[in-house]
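The primary structure of each chain is shown beneath.
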Amino acid sequence: MARAKIALIGSGQIGGTLAHLAALKELGDVVLFDIADGTPQGKALDIAESAPVDGFDAAMSGTTDYADIADADVCIVTAGVARKPGMSRDDLLGINLKVMKSVGEGIRDNAPNAFVICITNPLDAMVWALREFSGLPHHKVCGMAGILDSARFRHFLADEFSVSVKDVTAFVLGGHGDTMVPLTRYSTVSGIPLPDLVDMGWTTQDKLDAIVQRTRDGGAEIVGLLKTGSAFYAPAASAIEMAEAYLKDQKRVLPCAAYVDGAYGQSDLYVGVPTVIGAGGIEKIVEIKLNKEEQAMFDKSVDAVKGLVEACKGIDGSLA
Ligand code: A3D
């Protein structure tokens, strides 16, 4: 059977890391695309030259021509600009919306059967716009954020409890922004929910609240440290988990920005929800029962996403 083809649209910090991870995991042949001529070609060659050392079989190439992503099985989109200190994700909207238009059209014309994972910020609005511009089916276009936000939450919790990250599960819902909703009730250590762990004296409610807030601010914390850009190792690892679930039909239950039309009382919107990812793309949206407080937080997050989508429509009349 031929190898899968993975197109990475955007070959910056995340794009390069995605290429390296996809190669190490032998998920398929990788095509790096970027408008900055030389960057995708240079990164592709550099990673290809690591293959004899690491022992992976995956062809790597770099391009500035959309024709080279033809018939890709997966497209992961990181094209655009990233945050600098002091910027919010929403500040990127105007610039990255234009980028989503060219990327969406490039995918539509060259890889219309791909499973598309958007990472470009502000995530929930950009994945919505990318879907509109590409015209691909909604279940084949999604956004990466929930896995990253959950991973950050899991890391902080494992650190607090001095247990392995492998035994910590976490659930984060809603938009990828300051209003994201880390759900403590559905987050566990080996099945023991966080509120029970507070009762057991493993941590205090105050410490747990601080960890929830640190999770919400997780992206800004890295931006503040790096000063020149935003996180890229954990975002890339998270998107690779989604691509692998699709390519290997793993039916993984993963939180991601998915098209919601009916579930959670929402319609015609991309927002972070638990999903099942397999060969059919987003095969299912898992609708969990939220309590009043959680529902209120989710609604607030949805409102923030809706505001950004409206702003997109205001900027580009073809989206209205
Ligand atoms: P960066 O290293 O700047 O790479 C972006 C790349 O996109 C650059 O190489 C640009 O040349 C390229 N580019 C710009 N315009 C186009 C275009 N029209 N077509 C093709 N390529 C283009 O950024 P990065 O890799 O660090 O981040 C990429 C995006 O991911 C940014 O928007 C970040 O805000 C976002 N991001 C999202 C998350 C989420 O969890 C959702 C996390 C971290 C970063």
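About the criteria used
Residues numbered from 1 in each chain as written. Predicted model: local features only at pLDDT ≥ 70, side-chain atom pairs only at ≥ 80, totals over all residues. UniProt positions renumbered as here; feature names shortened; annotations may be inferred. Axes fitted to C-alpha atoms, helices over the stretch in contact; angles between N-to-C directions. Helix = DSSP H or I, 4+ residues; strand = E, 2+ residues; numbered from the N terminus. Parallel < 35°, antiparallel > 145°, perpendicular 65-115°, else oblique. Left-handed = near helix turned anticlockwise from the far one by under 90°. Contact = placed C-beta atoms within 7 Å. Pairing = 2+ DSSP bridges.

Named according to an unreviewed UniProt entry, the protein chain is Malate dehydrogenase originating from Oceanomicrobium pacificus. Taken from UniProt, the Sequence similarities (unreviewed entry) comment for the protein chain reads in full: "Belongs to the LDH/MDH superfamily. MDH type 3 family."

S.K.: I'm lost on the packing of helix H1 (residues 13-24) against helix H2 (residues 39-48) in this one. Help?
M.R.: For any two helices packed against each other, one specifies the inter-axial angle together with the distance between the axes. Close contact between H1 and H2 brings their axes to 10 Å; oriented N to C, the two are set at 30°. Of the possible angle classes, the one that applies to H1 and H2 is roughly parallel. Crossing of H1 against H2: the hand is right-handed. Between H1 and H2, the contacting residues are Gly16, Ala19, His20 and Ala23 on the first element and Lys43, Ala44 and Ile47 on the second.

S.K.: So what exactly am I meant to see when it comes to the sheet that holds strand E9 (residues 192-193) here?
M.R.: Whenever strands of a sheet pair, they do so through backbone hydrogen bonds, lying parallel or antiparallel. If you walk across this open sheet you meet the 3 strands as E7-E8-E9, and the pairing is antiparallel. A single partner strand is all that each edge strand has here, and the edge strands are strand E7 (168-173) and E9. Bridging between E7 and strand E8 (residues 181-189) involves 5 bridges; their strand directions are antiparallel. Bridge pairing links Phe171 to Leu183 in E8. Its contacts with the sheet put helix H6 (residues 146-161) on E7 and E8, and the angle it makes with E7 is roughly 140°.

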